[in-house]
Amino acid sequence: GESVGLHLPTLSVQEGDNSIINCAYSNSASDYFIWYKQESGKGPQFIIDIRSNMDKRQGQRVTVLLNKTVKHLSLQIAATQPGDSAVYFCAENRSGGYNKLIFGAGTRLAVHP
Amino acid sequence: SQTIHQWPATLVQPVGSPLSLECTVEGTSNPNLYWYRQAAGRGLQLLFYSVGIGQISSEVPQNLSASRPQDRQFILSSKKLLLSDSGFYLCAWSVQQGKSAQYFGPGTRLTVL
């Protein structure tokens, strides 16, 4: 069935390096995507979103890229810091009357000094 | 600014006991409200959503129920807890119009023994 998923369950990076977290989606009708960060024992925190009329959107140290041709989403984190260690979820909006999100399984980012 | 509260933060309950988790939102009116459950190391499963007072939709059949007695209050309940009800329960809100991010509360860790 249709789903939102992640290529890598765990990503280990060195402090200061750039991180790239990937996500694949299968519903070509989806037109709104969100990245969340979840630290241990806390609720997910909104990072950045992108609509399908855009290919790229930048925030503070983060960039989201959307490739609609291959239905792929990525989150880039520049100069990764220990505080970036968390689980990252992508979410896909398939609104059919209300604002329903479909979440991927998550990728754990581990930042090493 | 908007804030979302959940309580209690942690709860340990015996099998067969009742449950009531509360969620309140401040700083916005007429939000969509959501209850999710997250098993350890897993993604988010949508349980219920509400687009208004007294309006509840269930996403999956289960031992739980939800109610929305006030515009910014969302309650998750059970008459008799099962072991399988253990998990991390998250409440979220979003604006009602259009596609937008959902914003999560701090969560309630429920352990059923």
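Everything below is about the structure printed above this text.
Reading the values: rules and limits
Residues numbered from 1 in each chain as written. Chains lettered and ligands numbered in written order. Predicted model: local features only at pLDDT ≥ 70, side-chain atom pairs only at ≥ 80, totals over all residues. Heavy atoms only, no water. Helix = DSSP H or I, 4+ residues; strand = E, 2+ residues; numbered from the N terminus. Buried < 20%, exposed > 50% of the residue type's maximum accessible area, 1.4 Å probe, protein only. Contact = heavy atoms within 4.5 Å. Phe/Tyr/Trp six-rings, centres within 6.5 Å; stacked < 30°, edge-to-face > 60°.

Peer 1: Any chance you could explain unusual backbone geometry here in plain terms?
Peer 2: With an omega of 0°, the peptide bond running from B:Trp7 to B:Pro8 counts as cis. Residue placement: B:Pro8 occurs in the loop between β1 (3–7) and β2 (10–13). In this model, A:Ala79 sits at a positive phi of 45°, which is unusual for a non-glycine residue. As for its placement among the helices and strands, A:Ala79 is situated in the loop between β8 (72–77) and β9 (86–93). The phi torsion at B:Asn30 lies on the positive side, around 55°, for a residue other than glycine. Take B:Asn30: it is sitting in the loop between β3 (19–26) and β4 (32–38). Accessibility expressed as a relative area gives 39% for B:Asn30, which makes it partly exposed.

Peer 1: Where do I start with the environment of B:Arg109 in this structure?
Peer 2: Looking at where B:Arg109 falls in the secondary structure, it is placed in strand β11 (residues 108–112). Residues B:Arg109 and B:Thr10 lie 99 residues apart in sequence; the distance between their C-alpha atoms is 4.6 Å. Setting aside residues no more than four positions away along its own chain, B:Arg109 makes contact with A:Gly41, B:Ala9, B:Thr10, B:Leu11, B:Gly87 and B:Phe88.

Peer 1: Teacher, can you tell me more about the packing of aromatic side chains here?
Peer 2: Where two aromatic rings form a pair, the distance of their centres and the angle of their planes describe that pair. Residues and elements named next belong to chain B. With the rule as written, the count across this model stands at 11 aromatic pairs over all chains. For the ring pair Tyr36 and Phe104, a centre distance of 5.4 Å and an interplane angle of 50° mean the geometry is tilted. On the criterion of sequence distance, the pair formed by Tyr36 in strand β4 and Phe104 in strand β10 (residues 103–104) is long-range, its members being 68 residues apart. Across the pair, exposure class does not vary: Tyr36 and Phe104 are buried alike.

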